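Results of the structural survey
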Amino acid sequence: MNEQQRSILLQSASRFPPPPGTTIANLCCILRFLSILTQIVLTGVKFSYGTAGFRADASLLESTVFRVGILAALRSIQTGSVVGLMITASHNKVSDNGVKVADPSGGMLTQSWEPFADALANAPDPHSLLQLLDDFVKKENITLEGAPAAGVLLGRDTRPSGMSLLEAAKQGISAIMGASAEVMGVVTTPQLHWMVRAKNKGVEASENNYYDQLLTSFRYLLDYIPQGNSRNNVTDKLIVDGADGVGGEKLEKLKTRLGYLTIDVRNCGDGVLNEGVGADYVQKEKVVPRSFSPADAGMRCASLDGDADRLVYFSVLSNSNKINLVDGDKILSLFALFLKEQLAYANGASTDYLKQLGLEVVLTPTGVKYLHEKAAESDIGIYFEANGHGTILFSDPFLSWLETRNNELASTSKGSDQHKAALRLLAVSKLINQAVGDALSGLLLVEAILQHMGWSIYKWNELYQDLPSRQLKVKVVDRTAIITANAETTVVRPVGIQEAIDTETAKYPQGRCFIRPSGTEDVVRVFAEASTQEAADNLAHSVMRLVDQYLGSGSS
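These figures come from a predicted structure and were not determined experimentally. (Residues numbered from 1 in each chain as written. Predicted model: local features only at pLDDT ≥ 70, side-chain atom pairs only at ≥ 80, totals over all residues. Heavy atoms only, no water.)

**Section: the overall build of the chain**
The condition is simple: Helix and strand assignments come from DSSP, with helices taken as H or I runs of at least 4 residues and strands as E runs of at least 2, each series counted from the N terminus. Between buried and exposed lies partly exposed: a residue is buried under 20% and exposed over 50% of the maximum accessible area for its type, with that area taken using a 1.4 Å probe on protein chains only. For this analysis, residues touch if any pair of their heavy atoms sits within 4.5 Å. Only the protein chains shown count as cover for residues, and all accessible areas are computed by the Shrake-Rupley method using a 1.4 Å probe.
Of regular secondary structure, the chain possesses 19 helices and 17 strands. For the chain, the residues scored as buried account for 55% of the 556 residues in total. Relative to all contacts within the chain whose residues are 6 or more apart in sequence, the contacts with residues 24 or more apart total 68%. For the chain, the accessible surface area stands at approximately 22,900 Å², while carbon and sulfur atoms represent 50% of it.

This is how it looks when you write it as structure tokens:
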């Protein structure tokens, strides 16, 4: 990194770069950058890049987003491809925000760059920052002189803080000579990831192109429903909780172009983002979101999260605010059933059901990045978390084979059952967002499959019976004191806690309990299930007390 590039970086640290050659203005610029950097020291915040990127109170993120802009530009230069930068805090409260990078594949930032992201976000002063950048550029052999132009697609959700943080990201990107930002506006997180993937495949990558691909594939799946399949059990109306976020807004736009399906979108920006609404709230609390009531009993309902990368379904119980939840595991099971003998990934109560279908079930550590990586090893991999985040991945060799097979069938037995099956698989590969979990594309695929099967939401929910469960969290001084193994099903440290958990779990019929540290805050998460809800609740609280005993928690 030469002196000119160093100078540009220092000037760009301010949201308002000073006129060239103005000594006092340059000094003010550096002082402003120092004041932003001091946020880290004064608040005691230590940023850690995980599946969610960086998240915190929005007022603390200006410096961090600026730095991630630099990282995104460097990643684009190194790969010679377009990358993405999304400003969102997903299902977090509206006062929070976050930032994460989409790699050229459309997936998450490669894990090998996460330590650099951490170091970059936590550098205590401008000179440390520049030294870190110098060292990293040399280590990664990133050529800045004469490098191809770097391109970063920028998106944000509907949070009020998003606009100013977007400007900070643009400043960071432009701090690297030759790098430029293309603002995609207010989009869902999956839309931005899709755009990055499409752009690098040489495909048109606007928001309208995204809708066109989803709708064309959805219509194909409806057209390929076998004659004679009963659709009488499937109402054409769906009620969707938009979480008062960007997903609800985009679904309102999308639904105007749908033919068969009628969608009633509620919580579409008229309330507070993620407050008593959204997939995370519905999945954890198992109650109706705001704007829903017992009057909706009997209807098929769905809920998106704040940035529309999670999806769960539910039905409202009569005369109650309680629901029957159809979570990510059951969405996975529906997809697996539709794809028949293909490979799927799940955990929890869906595992036995999927094994009965002859499908391989693989457990990974918690986090979408681990699930996505494992699923990508197969010709067809399906992954979902119970919270509704997941997708289907098709390998390039498999899609190439499928295209060839489709062409063969089209010439020898066009319109046959085999040919239609190949066409359905191709339509699924285009409808589903293979970059990341996408609530909008997932919702359309669920609706197409239910139509194909002739299933109501009740029939779908009867695939298998969930064991009663309880999820709790315990605040701890240091979450890194918990070390797990075997895909986070066993605790290695503190020594003795796993044995204590096993002893407690053995007291309950069909008992199962795991603990794991949060990836974003000093919290340990407890998951327990057992034969009854009371037993699951008691097991979870017993293990929560063990966590308190071994780690010295604060309030829970």
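**Side note on the UniProt feature "domain: Alpha-D-phosphohexomutase alpha/beta/alpha" (unreviewed entry) in the chain**
Short version of the rule: UniProt positions are given in the numbering used here, feature names are shortened, and annotations may be inferred rather than shown by experiment.
Residues given the UniProt feature "domain: Alpha-D-phosphohexomutase alpha/beta/alpha" (unreviewed entry) here are residues 80-112. Spanning residues 80-112, this segment combines 0% helix with 36% strand, and its end C-alpha atoms are found 17 Å apart.

**Structural notes on the pairing of strand S7 (residues 262-266)**
We apply this condition: The rule for pairing is simple: two strands pair if DSSP sees at least two bridges between them. When the strands point away from the viewer, a crossover counts as right-handed if the route from the first strand across the helix to the second turns clockwise.
Bridge count for strand S6 (residues 237-241) against S7 is 5 bridges, and the pairing is parallel. Note that in S7 the partner of Asp241 across the bridge is Arg266. Between S6 and its parallel partner S7, the chain crosses via helix H9 (residues 246-255), and the hand of that crossover is right-handed.

**Brief notes about the nonpolar core**
Going by this rule: What we call a nonpolar core is a set of buried Ala, Val, Leu, Ile, Met, Phe, Trp, Tyr and Cys residues that are connected through their side-chain atoms within 4.5 Å.
Tyr313, Phe335, Ile392, Leu443, Leu445 and Trp460 are the most contacted members of the largest nonpolar core, which has 71 residues in total. The leading source of residues in this core is helix H16 (residues 439-453), at 9 residues. The residues contacting Ile392, other than those within four sequence positions of it, are Phe335, Leu339, Ile380, Gly381, Ile382, Val428, Ile432, Gln434 and Leu445. In this structure, Leu61, Phe66, Ile70 and Val137 belong to the second largest nonpolar core, which totals 43 residues.

**Side note on the sheet that holds strand S13 (residues 469-475)**
What counts, and what does not: Axis definition: a line fitted to C-alpha atoms, limited for helices to the stretch in contact. Angles are taken between N-to-C directions and run from 0 to 180 degrees.
One open sheet holds the 3 strands; their spatial order is S13-S17-S16, and the pairing between them is antiparallel. Pairing within the sheet leaves two strands with one partner each, and these edge strands are S13 and strand S16 (512-517). Recorded for the sheet is a direction-independent mean angle of 15° between the axes of neighbouring strands. Note: S16 against strand S17 (residues 523-529), 6 bridges, orientation antiparallel. By the bridge assignment, Ile515 is partnered in S17 with Val526. Packed onto the sheet, helix H19 (residues 533-551) meets S13, S16 and S17 and runs at close to 20° relative to S13.

**Regarding the packing of helix H3 (residues 62-79) against helix H4 (residues 114-122)**
Here is the rule: Note on terminology: angles under 35 degrees are roughly parallel, angles over 145 are roughly antiparallel, angles of 65 to 115 are roughly perpendicular, and the others are oblique. If you view the pair so one helix is near and one far, a crossing is left-handed when the near helix is turned anticlockwise from the far one by less than a right angle, and right-handed when it is turned clockwise. The nonpolar class holds Ala, Val, Leu, Ile, Met, Phe, Trp, Tyr, Cys and Pro. Asp, Glu, Lys and Arg form the charged class, and all remaining residues, Gly among them, are polar.
Contact pair H3 / H4: the axes reach a minimum separation of 9 Å and the direction vectors enclose 140°. By the angle class used here, H3 and H4 are oblique. For the crossing formed where H3 meets H4, the hand is right-handed. Every residue of H4 that contacts H3 at Thr64, Arg67, Leu71 and Leu74 is listed here: Phe116, Ala117, Leu120, Ala121 and Asn122. Of the residues in the contact of H3 with H4, the class split is 6 nonpolar, 2 polar and 1 charged.

**Details of the packing of aromatic side chains**
Ring pairs (aromatic) are described by centroid distance and by the angle formed between their planes. Rules: Here a pair means two rings of Phe, Tyr or Trp (six-membered ring of Trp) with centres within 6.5 Å. Their orientation is stacked below 30 degrees between planes, edge-to-face above 60, and tilted elsewhere.
Taken as a whole and judged by the stated rule, the model has 13 aromatic pairs. Relative to Tyr224, the ring of Tyr220 lies with its centre 5.8 Å away and its plane at 5°, an arrangement referred to as stacked. A residue is classified by how much of its surface remains accessible, and Tyr220, at 42% relative accessible area, is partly exposed. Look at Tyr224 and you get buried, because its relative accessible area is 17%. Measuring from centroid to centroid gives 5.2 Å for Tyr313 and Trp460, while their planes differ by 65°, and the two rings are edge-to-face. One end of the pair, Tyr313, is in strand S9 (residues 311-316); the other, Trp460, is in helix H17 (residues 457-461), with 147 residues separating them in the sequence.

**What about the pattern of salt bridges?**
Note the cut-off: The salt bridge definition used is simple: a Lys or Arg side-chain nitrogen within 4 Å of an Asp or Glu carboxyl oxygen.
Within the structure shown, the criterion is met by 22 salt bridges. The shortest N-O distance in the salt bridge between Arg310 and Asp280 comes to 3.1 Å. Note that Arg310 is positioned in the loop between strand S8 (300-304) and S9 and Asp280 in helix H10 (residues 279-285), a separation of 30 residues in sequence. Judged on exposure class, the residue Arg310 and its partner Asp280 are both buried. Taking the shortest distance from any N to any O, the salt bridge between Glu408 and Arg405 comes out at 3.5 Å. Of this pair, Glu408 and Arg405 both sit in helix H14 (residues 396-412), separated by 3 residues, roughly a single helical turn. Under the relative-accessibility criterion, Arg405 is labelled partly exposed at 28%. Several salt bridges converge on common partners, so that one network encompasses Glu207, Lys250 and Lys253.

**Here we look at the sheet that holds S8**
The strand order across the open sheet formed by 5 strands is S7-S6-S8-S9-S10, and the pairing between neighbours is mixed. Where the open sheet ends on each side, the last strands, each with one partner, are S7 and strand S10 (323-326). Within the sheet, the average angular offset between the axes of one strand and its neighbour, ignoring direction, is 30°. Sheet analysis places S6 next to S8, joined by 4 bridges and oriented parallel. Counted as the bridge partner of Ile239 is Cys301 from S8.

**Overview of the environment of Leu332**
Relative to the helices and strands, Leu332 resides in helix H11 (residues 328-339). Spatially, the C-alpha atoms of Leu332 and Gly390 are 8.0 Å apart, while their sequence positions differ by 58 residues.

**Some words on the UniProt feature "binding site: Mg(2+)" (unreviewed entry) in the chain**
This is how it is decided: Under this definition, polar contacts are N or O atom pairs within 3.5 Å; protein pairs additionally need one hydrogen-donor-capable and one acceptor-capable atom, and for neighbouring residues in sequence, both atoms have to be side-chain atoms.
Cross-referencing UniProt, the feature "binding site: Mg(2+)" (unreviewed entry) maps to Ser90, Asp305, Asp307 and Asp309 in the present numbering. In terms of the greatest pairwise C-alpha distance, the residues named above, spread along 220 residues, form a tight cluster of at most 7.9 Å across. Relative to the helices and strands, Asp307 resides in the loop between S8 and S9. When its relative accessible area of 0% is taken as the criterion, Asp307 is described as buried. Aside from chain neighbours lying at most four places away, what touches Asp307 is Thr88, Ser90, Lys100, Thr188, Thr189, Pro190 and Val246. Here the side chain of Asp307 touches Ser90 through a polar contact of 3.0 Å, side chain to side chain. Examined against the element boundaries, Asp309 turns out to sit in the loop between S8 and S9. Discounting chain neighbours no more than four positions away, the residues touching Asp309 are Ser90, Lys100, Pro190, Gly388, His389, Gly437, Asp438 and Ala439.

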